[in-house]
Every structure is written in C-alpha cells, then in structure tokens.
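# A look at the structure
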Amino acid sequence: MIIEQLEEPLPGSILPTLGGSWYTDPDVFALEQERIFSTQWMCVLRGDDLPAAGDYRLVQVGREQVVVSRNRRGEIRAFLNVCRHRGMRVCTEPAGTARKFQCGYHAWTYDLDGKLVAAPNLTKMPDVDRDAYGLRGVAVQEWMGYVWVCLAPEPPSFTGTVLGDLVTRLGEAETFDAWQVADLRLGKRIAYDVHANWKLIIENFMECYHCATIHPELTEVIPEFADGWAAQTYVGRGAEFGDGVEGFTVDGSAGVTPLPLLTADQERRYFAVTIKPTVFVNMVPDHVVVHRMFPTAVDRTYVECDWLFLPEVVEAGTDVSRSVELFDRVNRQDFEACERTQPAMSSVAYADGGSLVPAEHHIEAFHAWVREQLG
Ligand code: FES
Ligand SMILES: [Fe+2]
C-alpha cells in the first residue's frame with residue numbers, strides 16, 4: 001500500500017487564532033465592555049463635530065451612553081447621560097445644541113460643565129452640593145483632531161496606550177506629524193452597520209493576505225498588496241503605489257492637493273496604524289482615512305469612517321469622490337468578508353479557532369493583548 005507523502009508545512013508556519021466563542025459568546029462581550037471599552041481611551045468623534053458652545057453629541061462607550069459637549073470656554077466635556085436625581089436620560093436627541101441640560105422628568109438642570117444649577121425647590125435644600133450632584137464626568141483628551149474619552153476613574157497613560165500603538169507601527173510618534181491630522185478637515189463621513197464582532201474587523205484590517213482576493217481596486221493602486229504582506233507587517237514602512245499610479249483613488253488617477261510636510265519616503269505610499277481597541281488610521285499623500293468602531297453587540301459593530309483633506313480642498317468644494325470611493329469600496333469588501341465569517345464562528349469546526357499564516361502572524365500580538373485585558 002502506498003501512502004501519499006503530504007508535504008509538511010514549514011515548522012511554525014501556522015499559528016492559532018482565538019477560538020470561535022471569543023466572537024460569539026455574550027459573556028466574552030460583556031467582559032470586553034467592562035475590561036476594554038470601559039478602561040481604554042476610546043475615540044468618539046471629531047472636535048469639528050462640535051463647532052460651537054453648547055453643541056453636543058451622544059456616543060456609546062462600552063455599556064455607557066456619554067454626552068460629549070463643548071462648554072462656554074470652548075473646552076470639550078463628557079458626561080454619563082444619566083440624571084443624578086432618579087436616573088432618566090438627560091439628553092434624548094443624538095445631537096443638538098443646548099444652553100443647559102435639563103432633565104425631562106423633574107427638571108433637574110445642569111450647566112455645560114455638568115454642574116447642577118437648578119431644580120424645583122433646590123433653594124430649599126441648601127445642603128445639596130451642586131458639584132457633587134452634577135452629571136458624572138468622563139475623562140477627555142483631544143488628539144489628532146478627535147475627542148477621546150475614558151470611562152475609567154484613573155485612565156491609562158494616553159502616551160503609553162494610544163501613542164504607544166502609533167510608535168509600535170511607525171517607529172516614532174513624530175513621523176506621524178507630517179500628515180497634520182489635527183489640522184485636516186472632514187471631506188466625507190460614511191457609517192457602516194457591520195454584522196460582525198469587532199475583533200474580526202480588527203484582524204481583517206491588520207492583514208492583507210485577503211487583498212488579492214477581495215480588493216481588486218486597492219491592489220491595482222498598490223500592487224505589492226497582491227503578495228499578501230500588509231503595510232502593518234513592518235515597522236515604519238509604507239506600501240508603495242504602483243508604477244503609473246497617480247494617486248490613491250479608485251482608478252489610480254491623480255488625487256487632490258498633497259499634504260505639504262510629507263517627506264520623500266512618505267509620498268506615493270500608504271501607511272496604516274491600528275490604535276487599540278477601535279481605531280484605524282490610514283495615511284496617503286493627499287488625505288487621511290480614520291475609522292472609529294463602536295461595538296454594539298457580540299456580533300455587531302457600528303463603524304464611522306472619515307475622509308480628511310487639507311482645509312482648502314474641502315472649503316473649495318473640490319471633488320474628492322474618487323478618493324472616497326476607493327476606501328469606501330475597500331470597507332464594503334472588508335465588512336462583507338467579516339459578515340460572512342461571523343456566522344461560522346459558532347460552528348464546531350471553529351471551536352478551537354483557525355489559522356494564521358506567516359503574513360498574519362502579527363495578529364497574534366492583538367490576540368495576546370485581548371487575552372491579557374480580559375485576564
Ligand atoms: S430623573 Fe431627572 S430630574 Fe428626576
Ligand atoms: Fe481588506
């Protein structure tokens with residue numbers, strides 16, 4: 001009897017992924033809400049989304065609904081959207097402009113700094129400390145033109161976590177300054193309601209082993225992606241545009257005005273950074289694409305994607321549609337892949353997880369981080 005000799009894989013070629021239940025078990029998701037989304041700095045909106053004093057938006061951070069607003073001094077503030085009287089939601093519209101925040105139940109009223117300033121009969125309760133009964137504050141940081149909030153009473157170092165991920169990918173944080181992301185303007189925002197676990201979206205973003213299969217437009221612009229090695233596989237390296245490609249657009253045609261501070265080795269290249277747990281930053285010569293994810297259930301993730309350009313490009317009403325269309329197609333291709341993966345996560349065939357090939361081995365560091373957070 002002849003037994004066919006199968007070619008052995010190289011030792012160590014395959015590393016395991018997380019098991020399927022990490023993507024389907026509501027208890028895992030509850031733990032992630034508690035130990036990741038409630039402890040890390042979460043990027044919730046762009047500062048320009050709140051242009052004037054009193055402007056506010058509601059955002060979901062872990063299990064909490066947070067009001068992010070701008071006070072009279074122009075500073076960003078964030079509060080839990082819970083009345084300190086008997087707990088009604090104070091703000092009920094997803095966004096708006098307020099002079100004060102007044103609860104619709106018994107009319108407790110808070111100023112733009114969250115302090116309790118009025119309530120029926122409050123003057124007859126002189127012992128009530130109006131700061132102590134103010135809306136519960138949430139830590140805020142502004143960076144890259146975005147508002148980041150952290151629910152933890154003692155947030156982790158922003159430098160050690162958010163900027164740490166930037167350094168891990170780019171080699172040094174200063175490299176990032178060339179794109180001047182804080183000074184760019186929103187040219188387009190598209191929201192996606194993805195029926196997949198947030199970790200599948202991160203894993204997908206971190207690798208390019210799938211690029212040749214599902215991203216025909218992207219691999220036309222960046223032919224090296226067809227080989228499967230993501231820009232994120234290497235420290236500090238950007239993936240090079242193909243010969244004859246003029247810009248990071250859906251058809252490789254020229255983009256808009258390039259960002260002025262880029263160095264020669266940042267031009268004609270695509271850089272990508274994953275900032276754990278829920279942010280992707282993509283940098284190309286004339287724009288930056290920022291993804292913010294809001295995990296809403298173990299199998300569902302709301303994603304907002306911003307395309308940022310130089311202010312003069314946006315103010316002039318320049319047509320940026322070819323630039324937007326490239327990453328919008330990439331997003332739809334990626335999210336469809338994630339949505340087709342999600343249902344299989346509960347199969348017995350995936351109970352012990354799947355396989356990471358060498359071009360995906362760097363994803364293991366993300367899995368290790370998740371395991372570490374959940375303890
Ligand atoms: S619950 Fe808000 S005022 Fe009573
Ligand atoms: Fe992709």
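None of these values were measured; they are calculated from a predicted model.

With 13 residues, helix 2 (residues 158-170) ought to run about 18 Å at 1.5 Å a step, and its terminal C-alpha atoms sit 17 Å apart, in line with that. Taking the largest bend as the criterion, helix 2 deviates by roughly 45 degrees, centred on G164. Within helix 2 the residues assigned to the buried category are V162, L166 and R169. G171 lies just past helix 2 and shows a positive phi near 95 degrees.

What follows deals with the sheet that holds strand 4 (residues 64-70). Backbone-to-backbone hydrogen bonds pair the strands of a sheet. The strands run either parallel or antiparallel. The sheet built from four strands is open, its strands ordered 5-4-3-6 with antiparallel pairing. The outermost strands of the open sheet, each flanked by one partner alone, are strand 5 (76-80) and strand 6 (95-97). Averaged over all neighbouring strand pairs, the angle between strand axes comes to 25 degrees, with direction disregarded. Sheet topology note: the strand 3 (residues 55-61)/strand 6 ladder contains three bridges and is antiparallel. Bridge pairing in strand 6 places D55 opposite T97.

Next up on the list: the domain arrangement of the protein. Domain annotation of the protein identifies domain 1 (11-37 + 158-375) and domain 2 (41-155). Each of domain 1 and domain 2 has a C-alpha centre, and the two are 31 Å apart. The interface of domain 1 with domain 2 comprises 15 residues on the first partner and 14 residues on the second. For the side of domain 1 that touches domain 2, the secondary-structure elements that each account for two or more residues are helix 1 (26-37), helix 2 and strand 16 (288-297). Taken together, the residues of the side of domain 1 that touches domain 2 break down into nine nonpolar, four polar and two charged.

Parameters and conventions
Residues numbered from 1 in each chain as written. Chains lettered and ligands numbered in written order. Predicted model: local features only at pLDDT ≥ 70, side-chain atom pairs only at ≥ 80, totals over all residues. Helix = DSSP H or I, 4+ residues; strand = E, 2+ residues; numbered from the N terminus. Expected span 1.5 Å × (residues − 1). Bend = angle between axes of the 7 residues up to and from the residue. Buried ≥ 20, exposed ≤ 12 C-beta atoms within 10 Å, placed from the backbone. Pairing = 2+ DSSP bridges. Axes fitted to C-alpha atoms, helices over the stretch in contact; angles between N-to-C directions. Domains from an automatic or database assignment. Contact = placed C-beta atoms within 7 Å. Nonpolar A, V, L, I, M, F, W, Y, C, P; charged D, E, K, R; others polar.

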